[in-house]
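Fold and geometry: a report
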Amino acid sequence: MAKGAPARGSAGSGRRTLVAGNWKMNLNHLEAIALVQKVAFDLKPAELEKVEVVFLPPFTDLRSVQTLVDGDKLAVGYGGQDLSPHGSGAYTGDISGTMLSRLGCSYVVVGHSERRTYHHEDDALVASKVLAAYKHGITPILCVGEHEDVRAAGNHVEHVLTQLEGSLAGVSAEQAATLVVAYEPVWAIGTGRTASAQDAQDMCSAVRGQLSKLFGDSVASGIRVLYGGSVKAANAAELFTMPDVDGGLVGGASLVAEEFVGIVRASPAA
Ligand SMILES: O=C[C@H](O)COP(=O)(O)O
């Protein structure tokens, strides 16, 4: 039984399943066009209505993806993998929320474990990025998750909930209503070691419980909580059927059209 509140289950919850493909630092703009075309043309309009499909390419591919999605009126979304906490100015290498928004991005990943690890992003910085996303009308996909040693020590729930609260500092209930959270155990990312469906459910439920404390039950019940970490077509159905798992943030498997389509089709909503 789900521990989070309220435990209504993804299928009957009114939360639309979201499957987002995080390409990380892969694919040039030509490969990007080919992949989006293949996925979007393979999926039927009815499937795309039931499951929200989002592409998260590198910044350098965004313009190509935008042109394709707009030109062919594809029923898919797209977004960035990170954004600057700053609005504009002398921040070499940064990409602002305004820039993403002008490229038609509706989502942005914030606080991915790879940025927390390789770029030393802490919860305070992540929170400022979440706020920057909201300022520009972009929905943040906030990533949280524990390293293997934390889970082995039995501190994973506390760790993730602390990370969640810290990364949402300054966010209002009104803003949180559109939030997406992705629970990604770091030990499952790119390793082929997927969390069990029950472990994913337990953490996503705990995340929803914490969101309830922060923003109230009615806001928390509408927030989509995704699972990420070695999601594949073969394990997606089991994961996405869990009541508090509202879809997936997919890395490696999102680079292969057939596999990504298989993940979307594995959703009980599709
Ligand atoms: O953002 C996506 C996650 O890091 C999962 O990556 P993965 O599906 O390659 O394990």
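Just so it is clear, the model here is predicted, and its values are computed rather than measured. By convention here, each chain's residues receive numbers from 1 onward along its written sequence. With pLDDT at 70 or above as the cut-off, local features in this predicted model cover only qualifying residues; side-chain atom pairs require 80 or more to be listed or tallied, and sums for whole chains, interfaces and linings still use all residues.

To continue, consider the overall build of the protein chain. By the criteria applied, helices consist of DSSP H or I runs no shorter than four residues and strands consist of E runs no shorter than two, each listed in order from the N terminus. Across its full length, the protein chain carries 13 helices and eight strands. A compact globule built from 270 residues would reach a C-alpha radius of gyration of about 18 Å, and the protein chain, at 17 Å, matches this within 12%. Three exposure classes are used. Buried residues have 20 or more other C-beta atoms within 10 Å of their own C-beta, exposed residues have 12 or fewer, and partly exposed residues fall in between, all C-beta atoms being placed from the backbone. Taken over 270 residues, the protein chain has a buried fraction of 47%. By the criterion used throughout, residues are in contact when their C-beta atoms, derived from the backbone, lie within 7 Å. Pairs at least 24 residues apart make up 74% of the contacts formed inside the protein chain by residues separated by at least 6 positions. Based on C-alpha atoms, the radius of gyration is set beside the globule rule, defined as 2.2 Å times the residue count to the power 0.38.

Further remarks concern the sheet that holds strand β8 (residues 247-250). We call two strands paired when DSSP finds no fewer than two bridges between them. Strand order in the closed barrel formed by eight strands is β1-β2-β3-β4-β5-β6-β7-β8, with parallel pairing between adjacent strands. Neighbour-to-neighbour, the strand axes of the sheet open up by a mean angle of 25°, direction not taken into account. Strand direction decides the pairing type here: strand β1 (residues 18-22) and strand β2 (residues 52-56), joined by five bridges, are parallel. Opposite A20, over in β2, you have V54 as the bridge partner. Axis definition: a line fitted to C-alpha atoms, limited for helices to the stretch in contact. Angles are taken between N-to-C directions and run from 0 to 180 degrees. Helix α6 (residues 123-135) contacts β4 (107-110) and β5 (139-144) of the sheet and is inclined by roughly 175° relative to β4. Here helix α8 (residues 156-167) sits on the sheet in contact with β5 and β6 (180-183), set at roughly 150° to β5.

Across the five residues that make up β1, a large majority, five, are buried. Both faces of β1 are covered, namely the face carrying L18, A20 and N22 and the face carrying V19 and G21.

Attention now moves to the site of the ligand. For each residue, a C-beta atom is placed from the backbone, and the residue is labelled near a molecule or strand when this atom is within 6 Å of it. In the vicinity of the ligand, 14 residues are found, and the nearest of them are N22, I189, G228, G251 and G252. A per-class count over the shell around the ligand returns five nonpolar, eight polar and one charged. Note on residue classes: Ala, Val, Leu, Ile, Met, Phe, Trp, Tyr, Cys and Pro are nonpolar, Asp, Glu, Lys and Arg are charged, and everything else, Gly too, is polar.

This brings us to the confidence of the model for the protein chain. Each residue carries a pLDDT value, the predictor's own confidence for that position, ranging from 0 to 100. On average, residues of the protein chain score 95 in pLDDT, and 96% of them reach the 70 mark or higher. In the predicted structure, residues 1-9 sits below a pLDDT of 50 and forms 28 contacts with residues beyond four places in sequence or in another chain. In the predicted assembly, ipTM is 0.99 and pTM is 0.95.

UniProt positions are given in the numbering used here, feature names are shortened, and annotations may be inferred rather than shown by experiment. When the UniProt feature table is mapped onto this chain, "active site" (unreviewed entry) is found at H112 and E184. Of the residues just listed, which span 73 residues, no C-alpha pair is farther apart than 8.5 Å, and they cluster in one region. On the secondary structure map, H112 appears in the loop between β4 and α5 (113-118). Judged by the 28 C-beta atoms lying within 10 Å of it, H112 is buried.

What follows is about the nonpolar core. Note that soluble globular proteins tend to have their nonpolar side chains buried in a common cluster. Within the largest apolar cluster, 77 residues are counted, with the highest numbers of intra-cluster contacts made by V108, I141, V181, Y183 and V207. Once you skip the residues sitting within four places of it in the chain, Y183 turns out to touch V144, G145, V160, A200, M203, C204, V207, V225 and Y227. What makes a nonpolar core is a set of buried Ala, Val, Leu, Ile, Met, Phe, Trp, Tyr and Cys residues, with links drawn between C-beta atoms within 7 Å.

If you trace the backbone, A237 turns up in helix α12 (residues 233-240). Along the backbone, A237 and G262 are 25 residues apart, and their C-alpha atoms lie at a distance of 9.7 Å.

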